[in-house]
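Structural overview for review
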2 protein chains.
Amino acid sequence: MKVSEIGEFGLIDRLAKMIAQAQAKPSASGQQVLIGIGDDTAVWKSTAGIQLATVDTFIQDVHFSLGETSWEDLGWKAMAANLSDIAAMGGVPTYALVSLSLPETTEVDNVMAFNRGMLALASESGVTIVGGNISSAPLVAISITILGNTTGINQYPLTRAAARPGEQIAVTGYIGAAAGGLKLITRQLQADPETTAYLKKAFTHPQPRLKEGQLLVKQGIKAAIDISDGLIQDLGHICEASQVGARLQTARIPVDPTLQARLGEAALELALSGGEDYELIFTGSADKIDKIRQLATCPITAIGEIVAEDKGKVTLLDSNGQVFSPDKTGWDHFAARPS
Amino acid sequence: MKVSEIGEFGLIDRLAKMIAQAQAKPSASGQQVLIGIGDDTAVWKSTAGIQLATVDTFIQDVHFSLGETSWEDLGWKAMAANLSDIAAMGGVPTYALVSLSLPETTEVDNVMAFNRGMLALASESGVTIVGGNISSAPLVAISITILGNTTGINQYPLTRAAARPGEQIAVTGYIGAAAGGLKLITRQLQADPETTAYLKKAFTHPQPRLKEGQLLVKQGIKAAIDISDGLIQDLGHICEASQVGARLQTARIPVDPTLQARLGEAALELALSGGEDYELIFTGSADKIDKIRQLATCPITAIGEIVAEDKGKVTLLDSNGQVFSPDKTGWDHFAARPS
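Residues numbered from 1 in each chain as written. Chains lettered and ligands numbered in written order. Predicted model: local features only at pLDDT ≥ 70, side-chain atom pairs only at ≥ 80, totals over all residues. Heavy atoms only, no water.

1. Quick look at the overall build of chain A
- Helix and strand counts for chain A come out as 10 helices and 13 strands.
- Radius of gyration (C-alpha) of chain A: 20 Å, near the 20 Å computed for a compact globule of 339 residues.
- Oriented by its inertia axes, the alpha-carbon framework of chain A measures out at about 60 × 55 × 50 Å.
- In chain A, which comprises 339 residues, the share counted as buried stands at 60%.
- Sequence-distant contacts in chain A: of pairs separated by 6 or more residues, those separated by 24 or more amount to 82%.
- Just so you have it, chain A exposes about 13,000 Å², and 48% of that area is on carbon and sulfur atoms.
- Side chains of chain A give 27 positive and 37 negative charges; the mean places of these two sets differ by 6 Å. (Helix = DSSP H or I, 4+ residues; strand = E, 2+ residues; numbered from the N terminus. Rg over C-alpha atoms; globule rule 2.2 N^0.38 Å. Buried < 20%, exposed > 50% of the residue type's maximum accessible area, 1.4 Å probe, protein only. Contact = heavy atoms within 4.5 Å. Areas by Shrake-Rupley, 256 points an atom, 1.4 Å probe, with all protein chains shown as cover. Lys, Arg positive; Asp, Glu negative; His and termini not counted. Charge placed at Lys NZ, Arg CZ, Asp CG, Glu CD.)

Put into structure tokens, the structure is as follows:
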């Protein structure tokens, strides 16, 4: 059986089971794990507080193309995608390790530009790059590990597993611009220069929602995830982990206005299934969401509710309350890139 | 200018300078860094003690070949190489994150075998695999991050920069078997079945010297490194970082007896410049080394001394005290694989 037959999540399930079995009698370190394999970020307890660690790898021509993204943007984006996993837990990032695999024909200036992009966001986010390694490879592969902690010594992080029936579902910012940017970059879409620049930047230069994640924790939110694979797919991860269902009112989704202006109704599909916006989805009472809306510096929009039925499933409702079926629901890393 | 023109270490120097400059006004996390870019392992202070973190990436057909190494051995070895960086600091490993990039045509059974190999060594070493990620790639790339701490809350780790003139240089175990194993695997050498099995295992199934590293710390040793790139090259890193010279008495080097039996005098060159033995090189007084020899469960051999002259340089002396020049001194990741 090939990996493609069971997909990324099927493979993670099998690996996680083997690891859980092998680690059934946990070592001293194992006894302190709060969230292990299966989440984007690992969480454990230490005497210094609750610790977070996440790693992501970016492979040339799978996750990025050097013809489409500048080296500086690549550095920024690789750092952003990782920091977003910390943001989704309401965490504070501290240290980063960067493993860079490169063809030996790579221009040194390009590697320095990559480094500059990474450092710009690291500095802005209070992250110190403490180490890593460099090696030769036939293609560019970037693996970034970010360590962090929660905001207080006993502060439990936001998790995927804490959504409860009756809660509202909300998102930060606007959705879909990154997917629009990718369509422009891959020439599946055309637009005027201003629209093009804006949407491309949404794809190449995303801003992880670190401050917003911390605000959610402070306001008592318990469940969140970041939009890396697509709104429906990532909300689906909350539904699976929390054993609840989600009802999304598609008319309330804050589709990026520039994308909407260019694509009209078709923008909704990109907002539902396009990934890499790195906005946060979270759940909580209407009161808490109102309070967060007052305090946040970005839009906060309620887009649906958590229900007890249809566990693990996201149901889309159109403006008439009718069930709505999109063509795509996000992307699996062993499936083709979304188009 | 291409990366190949300045090499791995030249590139690391440039990246480290840019990072140091960008992080000149350190954030809260930056103020606690003890050892940053340039070492195999990053070290910082936290309220829970001194923390260690290391990452290494293994790329198919650069660091391993699937025709040469079984998936289970690959899992073991990737974990071993990383744990060895913690061992070289006398640290205690705690958590691991594993980023696995794979072609979608990979057999699931092979991924499970990889996982089994990794877990076998992780369990033996008290390491909990807490997270990671999986993605599609045209080739296999494995990136492992290991976190750890030193043995006591204020215990400074072993470092490359602490060797002092007058100290003896010593190594754990025997040297050269892994390089012999690689020669057998790549059919540049032949041997009887028993020798073949022994040497191949040295290459595919190395044992990180975690207990020995911790013993060194306990006995007051300050300077150490692991042999990943080759005895001369890795000892050279100690010389550069400590601003000292090293004089190696080549006749005293504990060449692996099986390798010696097969290759005779030619075994010495593999012991000097072949990498991936993952033994430890350390420096200290003759008294301390004697004490460690009594307590260690592996051979401990004094092989030379640290001198004030020839800073950054390793000088080889033959059994007559004459300077000796080997053909190779280890390997740079942007140079060809040693043959």
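2. Structural notes on the interface of chain B and chain A
- With 72 residues of chain B at the contact, the number on the chain A side is 72 residues.
- Of the roughly 6,200 Å² buried at the junction of chain B and chain A (both faces included), carbon and sulfur atoms supply 66%.
- Across the contact surface, chain B and chain A share two salt bridges.
- Ionic pairing is found between Lys2 of chain A and Glu107 of chain B, a salt bridge with its closest N-O pair at 2.8 Å.
- Counting residues per element, the ones that place at least two in the side of chain B that touches chain A are α1 (3-22), β1 (33-35), β2 (41-46), β3 (49-59), β4 (92-102), α3 (108-124), β5 (128-136) and β6 (141-149) of chain B.
- Of the residues forming the side of chain B that touches chain A, the biggest block, 11 residues, is contributed by α1 of chain B.
- Per-class residue counts for the side of chain B that touches chain A are 36 nonpolar, 29 polar and seven charged. (Buried area = accessible area lost by both parts, 1.4 Å probe. Salt bridge = Lys/Arg side-chain N within 4 Å of Asp/Glu carboxyl O. Nonpolar A, V, L, I, M, F, W, Y, C, P; charged D, E, K, R; others polar.)

3. So, unusual backbone geometry
Residues and elements named next belong to chain B.
- At Asp61, a residue that is not glycine, the phi angle is positive and equals roughly 70°.
- Phi is positive for Arg187, which is not a glycine, with a value near 60°.
- Relative to the helices and strands, Arg187 resides in the loop between α4 (177-185) and α5 (193-204).

4. Comments concerning the confidence of the model for chain A
All names here are of chain A.
- The predicted model of chain A averages 92 in pLDDT, with 96% of residues at 70 or higher.
- Scored below 50 in pLDDT, residues 335-339 makes 13 contacts in the model with residues more than four places away or belonging to other chains.
- Model confidence for the complex is summarised by a pTM of 0.92, with the ipTM given as 0.90. (pLDDT = per-residue confidence, 0-100.)

5. Concerning the sheet that holds strand β7 (residues 168-172) of chain B
All names here are of chain B.
- As summarised here, the arrangement of the seven strands in space is β8-β10-β7-β11-β9-β12-β13, forming an open sheet in which the pairing is mixed. Each of the sheet's edge strands pairs with one partner strand only, and the pair in question is β8 (223-226) and β13 (323-324).
- Direction of pairing for β7 relative to strand β10 (residues 280-284): antiparallel, over a ladder of four bridges. What sits directly across from Val171, in β10, is Ile281. (Pairing = 2+ DSSP bridges.)

6. Digging into the pairing of strand β12 (residues 314-317) of chain B
Residues and elements named next belong to chain B.
- Taking every second residue as pointing to the same face, both faces of β12 are buried, with Val314 and Leu316 on one and Thr315 and Leu317 on the other.
- Bridging between strand β9 (residues 245-249) and β12 involves four bridges; their strand directions are parallel. Opposite Ala246, over in β12, you have Val314 as the bridge partner.
- By the bridge criterion, two bridges tie β12 to β13 in an arrangement that is antiparallel. Note that in β13 the partner of Leu317 across the bridge is Val323.

7. Observations concerning the sheet that holds β1 of chain B
- Read from one edge to the other, the open sheet built from six strands follows the order β1-β2-β3-β6-β4-β5 (chain B), with strand pairing classed as mixed. Both edges of this open sheet fall to β1 and β5 of chain B, since each of them pairs with a single strand only. On average, adjacent strands in this sheet sit at an angle of 20° to one another, irrespective of strand direction.
- Its contacts with the sheet put helix α1 (residues 3-22) of chain A on β4 and β5 of chain B, and the angle it makes with β5 of chain B is roughly 175°.
- Those strands touched by α3 of chain B are β4, β5 and β6 of chain B, and its axis lies near 170° from that of β4 of chain B. (Axes fitted to C-alpha atoms, helices over the stretch in contact; angles between N-to-C directions.)

8. Description of the relation of the copies chain B and chain A
- For the match of chain B to chain A, the screw axis carries a shift of 0.0 Å, the RMSD comes to 0.0 Å, and the turn is 180°. Both chain copies can therefore be described as sitting about a two-fold axis. When C-alpha positions in chain B are compared against the rotation axis, the closest is assigned to Ala48 of chain B, at 2.4 Å.
- Comparing contact sets, 100% of the residues at the interface of chain B also lie at the interface in chain A, consistent with an isologous, same-surface contact. (Least-squares fit on C-alpha atoms with pLDDT ≥ 70 in both.)

9. Structural notes on the packing of aromatic side chains
- Inspection of every chain in the model, using the stated rule, returns two aromatic pairs over all chains.
- The aromatic ring of Phe203 of chain A is capped on one face by Lys77 of chain A, whose charged end is 3.4 Å from the ring centroid. (Phe/Tyr/Trp six-rings, centres within 6.5 Å; stacked < 30°, edge-to-face > 60°. Lys NZ or Arg CZ within 6 Å of the ring centre and 35° of its normal.)

10. Considerations on the side chain of Thr196 of chain A
Residues and elements named next belong to chain A.
- The topology assignment puts Thr196 in helix α5 (residues 193-204).
- According to the relative accessible area criterion, Thr196 is buried, its value standing at 16%.
- Reaching out from Thr196, the side chain makes a polar contact with the backbone oxygen of Ala191 at a distance of 3.1 Å.
- Non-local contacts of Thr196, meaning those with residues more than four positions away in its chain, are made with Leu184 and Ala191. (Polar contact = N/O pair within 3.5 Å; in protein donor to acceptor, adjacent residues only side chain to side chain.)

11. Description of the pattern of salt bridges
- The full count for this structure, using the stated rule, is 18 salt bridges over all chains.
- The network of salt bridges with shared partners includes Asp39, Asp40 and Arg160 of chain A.

12. Some remarks on the environment of Gln249 of chain A
Residue and element names in this part refer to chain A.
- Summarising the element assignment, Gln249 is placed in strand β9 (residues 245-249).
- Each C-alpha atom of the pair Gln249 and Ile169 lies 9.9 Å from the other, and the pair is 80 residues apart in sequence.
- Not counting chain neighbours up to four residues away, the residues in contact with Gln249 comprise Ile303, Gly304 and Leu317.

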